[in-house]
Amino acid sequence: MISSSFLNFLYLTLQTNRTRHLSIFIIGSLIVFILSSSLFIVSSLKYESKKVVEAMSDFTITKLNHRGYLHTSQIDELSQKYGLSAISSRVQERYFTTPQGYSFLIIGVDFFEEQGSKEFSDISKRGDFKKFLMGENMLIGQGVNDYLSKNHYDKYFNFKTPSGALKKINIFDTLAQNSSIVSNDMVIIPLSLAQEIFGMQEDELSSIGFNVPNDAEWDNVKLELYESFYDIDVVSKKEIQNMYDEIFNFKSGLFIMLFMILLFTYMVLLYTKYSSILSNEKREIGILRAIGWSINDVLKLKFSEMSFVVISSYLIGVLSAYIFVYIFNAPLLSSLFLGSSNLNLSIIFTPIIDMLSLMMIFLLFVVPFLVAVIIPTWRVASTNPKEALS
């Protein structure tokens, strides 16, 4: 049990060395803040992308290299030959506002198909598709909404068809901002309107989605489709999710590398600094030894002193990162993860706490930190008290 005299001495030590501890506290908190912020951003982005991808069809078929279109007649062929379910027809093409300028990803959906309405109900603020289908309306992502507002299109937008005609489509609603990682530049409209904008025939489609109820058959179905149709590309939603994960993991990996470099450098500096400081405090430690303190008592004092500083800096770093990301939406730092070569991307991060990763940060930060202090302390405390006082 820790005695009250030990706690009093610990308090006095913290007060005496508060200037030295303040610099350690600030730098340590900053290191933890940077890594925790990247962790929170990546966890939130993975969660949102996973939620959107889960609502997609298990597989999507497109023409290889997007050369040409699929046809509605192929839907019956897929259904009868392969026994697929929830087959949905889709138009999914890029619409450029100006040549080489900003673009929208127009997705034409048959909302009378179960899969079509299900996939976009989760990212739409309003799922009232009956009202949506009563007119020529569109759902738009946050990036599209910002672009149209800046160009004074608050209620509608005129799309130009290949024939040169203008097609006026009303803005029905914006998609949920927390789904912007996927939906930022999306424009979702009924299938027939998308076909009209791109000058497509009624039986032409950009892609066909379908589900395979038995997960064990996914690879077999994909292989059979490639053997039957030489000019198609088949992508599963697992592959789409893996693509998002790889991007986020790569970017978070850069921050982890930066963290390790900073931490290693700081540990070396801390070790060197404390070796020098404790050498100057050799007499003080010698007095403690002379009045009956054991080496373990001295180590316990220094360990408790630095534990308080290090754990405090860790907690403040994590708390600051939480506020920075989930309350202020990580200004500046978020752009390193989101980026955009098209429309500006902003997102509201959903609070996701990965306890395992936070524990890993704690161990990577606290343990080396304490070791860098305990080793020089032990070397000084092991000196003969008479030699330390001489």
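Above this note sits the structure.
Notes on the structure in this doc start here. (Residues numbered from 1 in each chain as written. Predicted model: local features only at pLDDT ≥ 70, side-chain atom pairs only at ≥ 80, totals over all residues. Heavy atoms only, no water.)

1. Some points on the side chain of Ser 207
Filter applied, for reference: Note on conventions: DSSP H or I runs of at least 4 residues are helices, E runs of at least 2 residues are strands, and numbering of each starts at the N terminus. Contacts: residue pairs with any heavy atoms within 4.5 Å of one another.
Relative to the helices and strands, Ser 207 is located in strand 10 (residues 207–211). Other than its neighbours up to four places away in sequence, Ser 207 contacts Thr 60, Ile 61, Thr 62, Leu 70, Ser 88, Ser 89 and Arg 90.

2. Remarks on the environment of Gly 101
Threshold: Whether a residue is buried, partly exposed or exposed follows from its accessible area with a 1.4 Å probe, protein chains only, as a fraction of its type maximum: under 20%, in between, or over 50%, in that order.
Counting through the fold element by element, Gly 101 comes out in the loop between strand 3 (85–96) and strand 4 (103–109). The partly exposed category is assigned to Gly 101, whose relative accessible area is 26%. Between the alpha carbons of Gly 101 and Leu 343 there is a distance of 10.0 Å; along the sequence they are 242 residues apart.

3. Quick notes on the pairing of strand 4
Within a regular strand, the side chains alternate between the two sheet faces. Selection criterion: Strands are labelled as partners when DSSP assigns at least two bridges between them.
Of all seven residues in strand 4, seven are buried, a share of seventy percent or more. Of the two faces of strand 4, the one holding Ser 103, Leu 105, Ile 107 and Val 109 and the one holding Phe 104, Ile 106 and Gly 108 are both buried throughout. As paired strands, strand 3 and strand 4 are joined by seven bridges and run antiparallel to one another. Each bridged residue has a counterpart across the sheet, and for Arg 94 the counterpart in strand 4 is Leu 105. As judged from the five bridges shared by strand 4 and strand 8 (residues 186–190), these two strands associate in the parallel manner. Note on strand 8: the bridge partner recorded for Val 109 is Pro 190.

4. Quick notes on the nonpolar core
The following threshold applies: In these notes, a set of buried Ala, Val, Leu, Ile, Met, Phe, Trp, Tyr and Cys residues joined through side-chain atoms within 4.5 Å is what counts as a nonpolar core. An automatic or database domain assignment provides the domain bounds reported here.
Counting 55 residues, the largest nonpolar core has Ile 41, Leu 45, Met 306, Val 325, Phe 349, Phe 365 and Phe 369 as the members making the most contacts within it. Elements with a minimum of two residues in this core: helix 2 (18–54), strand 4, helix 7 (180–183), strand 8, helix 10 (237–280), helix 12 (295–326), helix 13 (333–338) and helix 14 (355–381). No other element matches the eleven residues that helix 2 contributes to this core. Taken domain by domain, the makeup of this core includes at least three residues from each of domain 1 (4–51 + 243–389) and domain 2 (59–211). Apart from the residues within four sequence positions on either side, Phe 349 is in contact with Ile 41, Ser 44, Leu 45, Val 325, Tyr 326, Asn 329, Ala 330 and Ser 334.

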